[in-house]
Amino acid sequence: MKLCYSPTSPFVRKVVVSAKEAGLFGGIETYKGDTSDIFKGINPANPLGKVPSLTLDSGETFFDSLVICEYLDGLSDKVALLPASGVERAKVMTLHALANGMTDAAYQRRMDSSAMPEGEGSPSWNARLRIAMETGLDQLEKQVSDFENDLNIATIAVACALGYFDFRFSHENWREGRPALAAWYENFSARPSMQETVPPEA
Ligand SMILES: N[C@@H](CCC(=O)N[C@@H](CS)C(=O)NCC(=O)O)C(=O)O
């Protein structure tokens, strides 16, 4: 299996943490996306141009990050990243959607303010995305006691979202006023899978 990745992508990090927790990372080869032309995107294996994607030895390619995590989960009996069905599955998927949406908002803000040509960013859209990040954080603070002991695709996604906020938006100090979430993250981010995937300095 080959994973197209970027060392700073929170979506890639979610896949790599999941693969490590599932005991599968040793069987995955990685290669970097091509960042030379932002208009083509960074990953030719995905028509959307995004990382991550996972290509099997048969040539079959999967994306996006949730699809890859679900596929890996099915290969491993070390952990259960997703409940099989029913309300429990829908709850985990919803928490994952919240964390992924917050990550996406943060990533879009970052691209809007830093990667676009000078003067092309939109302050109003950036402000809208910041609100999604903040209300998402407030929701997680309320909900953390429901998931604090879980290791699954949702808690991995929450940790990768918070790690990305630290990486790109540390000046906005998401921990302020959210002590329960901060304490949970402190504990979760000590896991070897998280420590081994900390993004490099920008
Ligand atoms: N929904 C996708 C999001 C992936 C994504 O946005 N990846 C970013 C890196 S963090 C990317 O490849 N951006 C390059 C581009 O859009 O050109 C997933 O979960 O895999």
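Residues numbered from 1 in each chain as written. Predicted model: local features only at pLDDT ≥ 70, side-chain atom pairs only at ≥ 80, totals over all residues. Heavy atoms only, no water.

Caption draft 1: Here's a closer look at the site of the ligand. Among the 13 residues in the neighbourhood of the ligand, the closest are listed as Lys-50, Val-51, Asp-64, Ser-65 and Tyr-107. At 3.0 Å, a side-chain N or O of Asp-64 approaches a nitrogen atom of the ligand. Contact between the ligand and Ser-65: an oxygen atom at 2.5 Å from a side-chain N or O atom of the residue. Expressed as a share of its isolated accessible area of 520 Å², the protein-covered part of the ligand is 86%. Elements with a contribution of two residues or more to the shell around the ligand: helix H1 (10-21) and helix H3 (86-115). Residues belonging to the shell around the ligand are distributed by class as follows: 6 nonpolar, 5 polar and 2 charged. (Near = heavy atom within 4 Å. Polar contact = N/O pair within 3.5 Å; in protein donor to acceptor, adjacent residues only side chain to side chain. Areas by Shrake-Rupley, 256 points an atom, 1.4 Å probe, with all protein chains shown as cover. Helix = DSSP H or I, 4+ residues; strand = E, 2+ residues; numbered from the N terminus. Nonpolar A, V, L, I, M, F, W, Y, C, P; charged D, E, K, R; others polar.)

Caption draft 2: Looking closely at the packing of H1 against helix H2 (residues 65-75). At a minimum axis separation of 9 Å, H1 and H2 run at an interaxial angle of 5 degrees. Classified by the angle between their axes, H1 and H2 sit roughly parallel to one another. Seen from H1, the contacting residues are Phe-11, Lys-14, Val-15, Ser-18 and Ala-19; seen from H2, they are Ser-65, Leu-66, Ile-68, Cys-69 and Leu-72. A class-by-class count of the residues in the contact of H1 with H2 yields 7 nonpolar, 2 polar and 1 charged. (Axes fitted to C-alpha atoms, helices over the stretch in contact; angles between N-to-C directions. Parallel < 35°, antiparallel > 145°, perpendicular 65-115°, else oblique. Contact = heavy atoms within 4.5 Å.)

Caption draft 3: Summary view of the domain arrangement of the protein chain. Looking at the protein chain, the domain boundaries give domain 1 (2-75) and domain 2 (86-195). For domain 1 versus domain 2, the distance between C-alpha centres works out to 20 Å. Summed over both sides, the interface between domain 1 and domain 2 buries roughly 1,600 Å², with carbon and sulfur atoms accounting for 67% of that surface. Put simply, domain 1 and domain 2 have 2 salt bridges between them. Close ionic contact of Glu-70 with Arg-89 constitutes a salt bridge, the shortest N to O distance being 2.5 Å. Where the side of domain 1 that touches domain 2 is concerned, the elements lending two or more residues are H1 and H2. (Domains from an automatic or database assignment. Buried area = accessible area lost by both parts, 1.4 Å probe. Salt bridge = Lys/Arg side-chain N within 4 Å of Asp/Glu carboxyl O.)

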